[in-house]
Amino acid sequence: MVDIVWEIHLSSKSTNSIESLDSEGELKSTTFYHATEDEEVFFGYASKNKRETTIAEFNSSLKHVQDQDIYPEIPADTHLTLAPEGLDSSLIYLKRPGLQWYEDMIGTNYLPKAVLDETIVMEQSHNRLTKT
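Keep in mind that what you see is a predicted model, and the values were worked out from it rather than measured. (Residues numbered from 1 in each chain as written. Predicted model: local features only at pLDDT ≥ 70, side-chain atom pairs only at ≥ 80, totals over all residues. Heavy atoms only, no water.)

Visitor: Just checking my understanding: could you explain the environment of T53 for this structure?
Guide: Note that T53 resides in the loop between β3 (41-46) and α1 (55-61). Accessibility expressed as a relative area gives 9% for T53, which makes it buried. (Helix = DSSP H or I, 4+ residues; strand = E, 2+ residues; numbered from the N terminus. Buried < 20%, exposed > 50% of the residue type's maximum accessible area, 1.4 Å probe, protein only.)

Here's what the structure looks like:
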């Protein structure tokens, strides 16, 4: 097995962050994630709010997310339309899985199943819209 070393340089605009509050409304934690241009996903966690967390702390906390933890295998009997190659990225919206519960869901099938379910719904909705 080969160890891969990732070097990610974040800015406050290149990461998604979610602050979780406890039942009294106090900050419990901040989770954050980043997807690279190559669709590699990284997830991190901090015990302070995002405004107090430095970019260096964000960077050092990020861990690579394995594809199988978030992306589903497509069942053989499921048809999905693939986007054509060479689309202008400024004209499309790339939907990625929400990772706000990633840490709680590691080792379960929840996130891949949620991604597949949403993809199938979007495929069916798109087909209904384009067949009129």
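Visitor: Would you mind showing me how to read the side chain of E123 here?
Guide: With respect to the helices and strands, E123 occurs in helix α4 (residues 110-130). In this structure the side chain of E123 is engaged in a polar contact, spanning 2.6 Å, whose partner is the side chain of T81. In this view, E123 contacts H79, L80 and T81; residues no more than four positions away in its chain are not counted. (Polar contact = N/O pair within 3.5 Å; in protein donor to acceptor, adjacent residues only side chain to side chain. Contact = heavy atoms within 4.5 Å.)

Visitor: Help me out: how do you make sense of the sheet that holds strand β2 (residues 27-35) in this one?
Guide: Strands sit in the order β1-β2-β3-β4 across an open sheet of 4 strands; the sheet is antiparallel. Edge strands, defined here as strands with exactly one partner in the open sheet, are β1 (16-21) and β4 (63-65). Direction aside, the axes of adjacent strands within the sheet are offset by 25° on average. As judged from the 6 bridges shared by β1 and β2, these two strands associate in the antiparallel manner. Following the sheet pairing, I18 is matched in β2 by T31. (Pairing = 2+ DSSP bridges. Axes fitted to C-alpha atoms, helices over the stretch in contact; angles between N-to-C directions.)

Visitor: Would you take a moment to explain the layout of surface pockets for this structure?
Guide: Taking a probe equal in size to a water molecule and rolling it over the atoms shows the remaining empty space. If you add up the space inside the largest pocket, you get close to 1300 Å³. What lines the largest pocket is a set of 29 residues, and nearest its centre among them are T81, Y93, L94, K95 and T119. (1 Å grid on protein atoms, 1.4 Å probe; cavity = no way out; pocket = protein on both sides within 12 Å on 5 of 7 lines; lining within 4 Å. Points joined across faces, edges and corners; volume = space filled by probe spheres on them.)

Visitor: In this structure, what is going on with a nonpolar patch on the surface? I would like to understand it.
Guide: A contiguous nonpolar surface patch, about 310 Å² in accessible area, is contributed by L87, L91 and I92. Assignment of secondary structure puts I92 in the loop between α2 (67-70) and α3 (102-105). Of the residues examined, I92 reaches a relative accessible area of 42% and is grouped as partly exposed. (Patch = residues over 30% accessible without salt bridge, like charges linked within 9 Å, V, L, I, M, F, W, Y side chains within 5 Å. Areas by Shrake-Rupley, 256 points an atom, 1.4 Å probe, with all protein chains shown as cover. Salt bridge = Lys/Arg side-chain N within 4 Å of Asp/Glu carboxyl O.)

Function-wise, these values are silent; they only describe arrangement.
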